[in-house]
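Understanding the architecture of this molecule
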Amino acid sequence: MPAHTTTWSPSLKFLHWALFIVIAAAVTCVLIAGGYERGDPAKGQFMFFHKSFGVTALALMIVWVITRLNTGRPPPIGQAWQSRLAATVHWAMVVLVLALPIAGLLMSQFAQQSVSVFGLFSVPIWLAEDKAAAKAIHTIHAGYAGPILIALVTLHIIGALWHHFIDRDETLARMRPGKGR
């Protein structure tokens, strides 16, 4: 597994920032949708985009995992406890970004709702209706996994800012878009 000695590969930098934008869009859409009553067309539109961004995040994360396994990573910067915490937070985010869209798709399947991705294609219904399963998945998806992902992203951002402003090292700089350092 080749590693870049001082910076992340350009493809991983691109995927990192693309995932950030797509996940932020998915979260924003679902938060806005929560302000509308069930049955309101605006709620439906925001949920359409939430699901579309979720499927996009799943696809990007699959590509990220494949790319990461093939390109490696630069050596960690900082103390051992920081590296262990960063790795734990990082891989927990990866798992959740894979699991949340899959859970969302399963929830839609059990609720007998196809998922259109930006109107480009739809994920057809292939599972039997099971409203209890849909409700249980929704509880985990929206009540636990989603908030945990938001907390982990916040911790990830705090860690990057800590490295930049407190430790004054190159951790944040080497993930910036553009030429490597």
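To keep things clear, this report deals only with the structure shown in the data block. (Residues numbered from 1 in each chain as written. Predicted model: local features only at pLDDT ≥ 70, side-chain atom pairs only at ≥ 80, totals over all residues. Heavy atoms only, no water.)

1. Side note on unusual backbone geometry
- You will see that Phe118, though not glycine, has its phi angle at about 55°, which is positive.
- On the secondary structure map, Phe118 appears in the loop between strand S1 (115–117) and strand S2 (121–123).
- Residue classification places Phe118 among the partly exposed residues on the basis of a relative accessible area of 31%.
- One non-glycine residue with positive phi stands out, namely Arg168, at about 55°.
- Examined against the element boundaries, Arg168 turns out to sit in the segment after helix H4 (131–167).
- In this structure Arg168 comes out as exposed when scored by relative accessible area, which is 68%. (Helix = DSSP H or I, 4+ residues; strand = E, 2+ residues; numbered from the N terminus. Buried < 20%, exposed > 50% of the residue type's maximum accessible area, 1.4 Å probe, protein only.)

2. Considering the environment of Gln109
- In this fold, Gln109 is placed in helix H3 (residues 80–110).
- For Gln109, a relative accessible area of 3% corresponds to the buried category.
- Sequence spacing of Gln109 and Asp130 is 21 residues, and the spatial spacing of their C-alpha atoms is 8.5 Å.
- Here Trp126 takes part through its backbone nitrogen, which lies 2.6 Å from a polar atom of the side chain of Gln109. (Polar contact = N/O pair within 3.5 Å; in protein donor to acceptor, adjacent residues only side chain to side chain.)

3. Quick word on a nonpolar patch on the surface
- There is a patch of nonpolar side chains on the surface, built from Trp17, Phe20, Ile21, Ile157, Leu161, Trp162, Phe165 and Ile166 and spanning about 790 Å² of accessible area.
- Of all elements in the fold, only helix H1 (10–33) and H4 reach the threshold of two or more residues within the nonpolar patch.
- The biggest single contributor to the nonpolar patch is H4, with five residues.
- Tracing the backbone through its elements, the reader meets Leu161 in helix H4. (Patch = residues over 30% accessible without salt bridge, like charges linked within 9 Å, V, L, I, M, F, W, Y side chains within 5 Å. Areas by Shrake-Rupley, 256 points an atom, 1.4 Å probe, with all protein chains shown as cover. Salt bridge = Lys/Arg side-chain N within 4 Å of Asp/Glu carboxyl O.)

4. Some words on the packing of H3 against H4
- Two elements in contact, H3 and H4, have axes whose closest approach is 8 Å; the angle formed by their N-to-C orientations is 150°. It follows from the interaxial angle that H3 and H4 lie roughly antiparallel. When the axes of H3 and H4 are compared, the crossing they make is left-handed.
- Among the residues making up the contact of H3 with H4, the classes are represented as 20 nonpolar, seven polar and two charged. (Axes fitted to C-alpha atoms, helices over the stretch in contact; angles between N-to-C directions. Parallel < 35°, antiparallel > 145°, perpendicular 65-115°, else oblique. Left-handed = near helix turned anticlockwise from the far one by under 90°. Nonpolar A, V, L, I, M, F, W, Y, C, P; charged D, E, K, R; others polar.)

5. Brief notes about H3
- The terminal C-alpha atoms of H3 lie 44 Å apart, and with 31 residues this matches the ideal 45 Å at 1.5 Å per residue to within 8%.
- Once H3 finishes, Gln112 follows within two positions and takes phi at roughly 65°, a positive value. (Expected span 1.5 Å × (residues − 1).)

6. Details of H1
- Helix length check: H1, at 24 residues, gives a terminal C-alpha distance of 34 Å against a target of 34 Å (1.5 Å per residue), a fit within 8%.
- Those residues of H1 that sit buried are Leu12, Lys13, Leu15, Ala18, Leu19, Val22, Ile23, Ala25, Ala26, Cys29 and Ala33.
- Turning to H1, the residues buried within the fold contact helix H2 (41–71), H3 and H4. (Contact = heavy atoms within 4.5 Å.)

7. Details of the nonpolar core
- Leu19, Trp64, Val97 and Leu149 are the most contacted members of the largest nonpolar core, which has 25 residues in total.
- A per-element tally of this core places H1 first, with nine residues.
- The contacts of Leu149, once residues within four sequence positions are left out, are Ile23, Met93, Leu96, Val97 and Leu100.
- Core analysis: the second largest hydrophobic core is formed by six residues, Ala103, Phe110, Ala134 and Ile137 among them. (Core = buried A, V, L, I, M, F, W, Y, C linked by side-chain atoms within 4.5 Å.)

8. Some thoughts on the packing of aromatic side chains
- Taken as a whole, this structure holds seven aromatic pairs when the rule is applied.
- With centroids separated by 6.2 Å and ring planes inclined at 80°, the aromatic side chains of Trp17 and Phe20 adopt a geometry described as edge-to-face. With a gap of three residues between them, Trp17 and Phe20 both fall in helix H1, about one helical turn apart.
- The exposure class assigned to Trp17 is partly exposed, which follows from its relative accessible area of 31%.
- Each ring, one from Phe49 and one from Phe53, has its centre 6.5 Å from the other, and the planes form 35°; the classification is tilted. Taken as a pair, Phe49 and Phe53 lie in helix H2 at a separation of four residues, close to a single helical turn.
- Here a set of aromatic residues connected by ring pairs shows up, and it is made of Phe48, Phe49, Phe53 and Phe118. (Phe/Tyr/Trp six-rings, centres within 6.5 Å; stacked < 30°, edge-to-face > 60°.)

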